[in-house]
Amino acid sequence: MAPLFLPARCKKYGAQYFSLVNHIAGEEKATLGVCWRTDVAIAGRVFAPPKVNGEYPKVRLLISNQDHQFAYELTADGQVFTIDCPYPNSVWSVAFVQVEQSSAPQMLYGSPLSFSAIEHRIGSPKSQALRVTQDLTSDSARNRVCILIPVYRGFMQVQACLNSVLQSLDDNKAEISVLVIDDASPEPAISKWLDDLAAQAKIILLRNTYNLGFIETVNRGLRRAAMMDADVLLLNADTLVHSNWVDRMSHALYSAADIASVTPWSNNGEISSFPKIAVNSPTPNFQQIMRIDGRVAALHESGQISDVEVPACCGFAMLMRSEVIRQIGLLDGYELIRGYSEEVDWCLRASAKGYRHLVATSVFVAHAGGVSFGAEKIYRVAQNRAVIASRYPSYYQAYHQFLKEDPLQDARHLIHSTLLEDECDWLMRIESNDVGKISSLRALPAPIQGSYERIAVWENRIGSVFSQKILQLARLLATHVVTCAVEDRLVHLRLLIIGEVSEALWHTGVVDVLPSIGFKQKPLLSNVEILGFAGCREVLIESDLQVALNIDQVQVNEDFDPAMYLDNWKKR
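About the criteria used
Per chain, the residues get numbers from 1 upward, laid out in the order the sequence is written. pLDDT decides what is reported in this predicted model: residues at 70 or higher carry local features, side-chain atom pairs at 80 or more are listed and counted, and totals for whole chains, interfaces and linings draw on all residues regardless. Heavy atoms from the whole structure form the basis of all side-chain values; hydrogens and water molecules are not counted. A run of DSSP states H or I qualifies as a helix once it reaches four residues; a run of E qualifies as a strand once it reaches two. Both are numbered from the N-terminal end. Note on exposure labels: buried denotes an accessible area under 20% of the residue type's maximum, exposed denotes more than 50%, and partly exposed covers the range between, all computed with a 1.4 Å probe on protein chains only. The contact rule is simple, with two residues in contact once any of their heavy atoms fall within 4.5 Å. Under the convention used here, a 1.4 Å probe and the Shrake-Rupley method define accessible areas, while residue burial counts only the protein chains that appear. For two strands to pair, DSSP has to find at least two bridges joining them. All axes here are fitted lines through C-alpha atoms, helices being fitted over the stretch that makes contact, and every angle between N-to-C directions spans 0 to 180 degrees. Arc, as used here, means the arc of the directions from the helix axis to the C-beta atoms. Residues adjacent in sequence count toward polar contacts only when both atoms are side-chain atoms; beyond that, a polar contact is any pair of N or O atoms within 3.5 Å, and within protein one must be able to donate a hydrogen and the other to accept it. To pair, rings of Phe, Tyr and Trp, with the six-membered ring standing in for Trp, must have centres within 6.5 Å; the planes then decide the type, stacked if under 30 degrees apart, edge-to-face if over 60, and tilted in the middle. Small angles under 35 degrees read as roughly parallel and large ones over 145 as roughly antiparallel, with 65 to 115 read as roughly perpendicular and the rest as oblique. Crossing handedness: left-handed means the near helix sits turned counterclockwise from the far one by under a right angle, and right-handed means the same turn made clockwise. Side-chain classes are defined by residue name, with Ala, Val, Leu, Ile, Met, Phe, Trp, Tyr, Cys and Pro counting as nonpolar, Asp, Glu, Lys and Arg as charged, and the others, Gly among them, as polar. Put simply, a nonpolar core is a bunch of buried Ala, Val, Leu, Ile, Met, Phe, Trp, Tyr and Cys residues held in one set by side-chain atoms that sit within 4.5 Å of each other. Counting rule for disulfides: a pair of cysteine sulfur atoms within 2.5 Å. We count a salt bridge whenever a side-chain nitrogen from Lys or Arg sits within 4 Å of a carboxyl oxygen from Asp or Glu.

1. As for the overall build of the chain
Tallying secondary structure elements over the chain gives 17 helices and 24 strands in all. When burial is assessed residue by residue, the chain has 51% of its 572 residues classed as buried. Considering only intrachain contacts with a sequence separation of at least 6, the fraction spanning at least 24 residues in the chain is 73%. Taken as a whole, the chain presents about 26200 Å² of accessible surface, with 50% of it coming from carbon and sulfur.

Below, the structure is given as structure tokens:
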């Protein structure tokens, strides 16, 4: 995670970056570089150990996009360099090679850099309101789909994803193109396999000369799809699909003239997750996917479940109407860094034009999640969600209201009961694991002696009523120093947040943070163990939430009074 913080540290904090640079460079003192974007220029630093004579080595800086490359020679002494952006409205990969060695280009931390603000519309005049230009419910208006799959790493999952897509093509009536973009994958096996598929004319393959990041890779695909005049089905490379899934998603997209995008059910689909909303579950195998997807398709066809409007779609599998892409433009890679929440921003821009978004309840797509970004995901999610919250102040409130009311609940329950009747082993395994978690309270280990007493906050989500109450409590703690006696020691009170943290909550200075742990993650210490070691005597949870912890629990709802709670806490 350390390299993620290097650009901001080198840009803002003077000489305070040295310890971080030394940590990343390691004992071998490897040469490394970092870059960041200014208004009109590329800035950065390159660090190398001095030579025996005390001089710093030279490096050749390479600044490249898909069409151009520029080279600059500079001294790797850690001083700031500034280079005017060669062309506006472009994304630039920044790398260096060592002049005195025959080395491969090495990316600078912070690369690529986007100088493209939310991109101009593709060939359509400006429009401030929804325009229906044709009969969008006719078959002829929805028979061309470009499946866009950005690829970076994870050969086994990329292979499984593409095999499932290619296997499904004959089951669909739509005219489908499979467009794969290799974002300079570091895995040669991926690139070779994609070359073989392209040579067999099974896919259209584009390859970025240098890594341009997820958002710009998608935008490159959106531009190509515009030349095909096709709707775009953005699909993560860690998904599995089945049967005539494209036709079913297209049917949902064109069920009304004001639908901009649709997303399917998934085991890992945020708002459209199954069997529990906004909860990730293990990825089913292909045989299990066939059963689940077949059941939801049958239930939808029989009219027992219907598509449901959502505030925004989840980008792991999102079908986007070509007309809307032409009106509102591409994804925003300028403020939203590398990936995560870019599809939310696109959906909300479409909503501002009068469009809506749906969960296509007739489709289930399996999704592993987190393959390309790994540990970086936690940082990027927090970074980009702050941008969304700033641009669309009401979005997270609407999102959490959706989670609370759960308009998908009836459909989910019907699918759930149908699959249990079918003895679906995937769902039965999830059910048995959940029962085990609820029935056994998890004991906390003994606390480590320290100078703080902590109140735990379970699964905080930015924008919810729960998080607003927690922020009020944190501000009270920040403005009124709260201490208590523990075993003859005077300790200060802090909050231990599990989940998401807003910038305002960070700035109170009284919180420690643990990101939520996904079902596949195996940390050295679990959240429960850390709660015990941190000395948490109490946990604040959202109303109606059940947590299997052997610790006092306080439910937080709209009537929760942070000041009264704190007063009562001090009296114990």
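Next comes the rest of the account.
2. Comments concerning the sheet that holds strand β11 (residues 204–207)
An order of β11-β10-β9-β12-β16-β14-β17-β15 is seen for the eight strands of this open sheet, with the pairing classed as mixed. Two strands bound the open sheet, and with one partner strand each, they are β11 and β15 (308–310). Going across the sheet, the axis of each strand differs from the next one's by a mean of 25 degrees, ignoring polarity. As judged from the four bridges shared by strand β9 (residues 144–151) and strand β12 (residues 231–235), these two strands associate in the parallel manner. Bridge pairing in β12 links C146 to V232.

3. Observations concerning the sheet that holds strand β2 (residues 41–47)
Through backbone hydrogen bonds, the strands of a sheet pair up, either in parallel or in antiparallel fashion. The strand order across the open sheet built from three strands is β1-β2-β5, with neighbouring strands paired in antiparallel fashion. Lying at the two open borders of the sheet, with one neighbouring strand each, are β1 (32–37) and β5 (81–84). Taken pair by pair, the neighbouring strands of this sheet meet at an average axis angle of 25 degrees, ignoring direction.

4. Digging into helix α9 (residues 342–352)
An α-helical segment advances 3.6 residues per turn. Residues three or four places apart therefore align on the same side. For α9, a buried count of nine out of eleven residues is recorded, marking the element as mostly surrounded by other parts of the structure. All of the buried residues along α9 are E342, E343, V344, D345, W346, C347, L348, R349 and A350. Positive backbone phi, approximately 100 degrees, marks G354, located one or two places after α9.

5. Remarks on helix α17 (residues 562–571)
For α17, the set of buried residues is P562, Y565, L566 and W569. Mapping the buried residues of α17 onto a view down its axis gives an arc of 95 degrees, with all of them on the same face. At the N-terminal end of α17, a side-chain oxygen is found 3.0 Å from the backbone nitrogen of A563, two or three residues along, and the residue is D561.

6. Considering the packing of aromatic side chains
Following the criterion strictly, the structure yields ten aromatic pairs and no others. For the pair F155 and W193, a centre-to-centre distance of 6.2 Å together with 85 degrees between the ring planes defines the contact as edge-to-face. Highlighted residues: F155 in helix α3 (residues 155–168) and W193 in helix α4 (residues 188–199), separated in sequence by 38 residues. Under the relative-accessibility criterion, F155 is labelled partly exposed at 21%. Taking the centre distance of 5.0 Å and the plane angle of 65 degrees together, the rings of Y395 and Y396 count as edge-to-face. The two residues Y395 and Y396 agree in class, both being buried. Among the aromatic residues, those joined into a cluster by ring pairs are W265, F274, F364 and W426.

7. Some details on the environment of V554
By secondary structure assignment, the location of V554 is in strand β24 (residues 552–556). Along the chain, V554 and V539 lie 15 residues apart, while their C-alpha atoms are 6.3 Å from each other. V554 has contacts with E538, V539, L540, I541, F560 and Y565, leaving out every residue within four places of it along the chain.

8. Structural notes on the packing of helix α14 (residues 465–479) against α17
At a closest axis distance of 9 Å, the pairing of α14 and α17 adopts a crossing angle of 55 degrees. In terms of axis orientation, α14 runs oblique to α17. Crossing of α14 over α17 shows right-handed handedness. Contacts between α14 and α17 involve K469, Q472, L473, L476 and L477 from the former and P562, A563, Y565 and L566 from the latter. Per-class residue counts for the contact of α14 with α17 are seven nonpolar, one polar and one charged.

9. A look at the nonpolar core
In this structure, L222, W346 and Y395 are the most contacted members of the largest nonpolar core, which totals 63 residues. Of the residues forming this core, the biggest block, six residues, is contributed by helix α5 (residues 213–228). Counting residues in hydrophobic clusters, the runner-up holds 39 residues, among them V165, I176, W245 and M249.

10. Comments concerning the environment of G315
By the element assignment, G315 lies in the loop between β15 and β16 (317–320). In this structure G315 touches L234, N236 and E343, once residues within four positions along its chain are discounted.

11. So, the state of the cysteines
Here, disulfide denotes a covalent bond that connects the sulfur atoms of two cysteines. All told, the structure shown has zero disulfides when counted by the stated rule. Left without a disulfide partner, C347 is nearest to the cysteine sulfur of C313, which lies 4.8 Å away. Residue class for C347 comes out buried when judged on its relative accessible area of 0%.

12. Here's the deal with the pattern of salt bridges
Enumeration over the complete set of coordinates arrives at 17 salt bridges. Here D195 makes a salt bridge to R207, at a shortest N to O gap of 3.0 Å. A residue pair is termed long-range when its members are at least 10 positions apart, and D195 in helix α4 and R207 in strand β11 qualify at twelve residues. Residue classification places R207 among the partly exposed residues on the basis of a relative accessible area of 32%. Note that R326 is salt-bridged to E323, the shortest N-O span being 2.9 Å.

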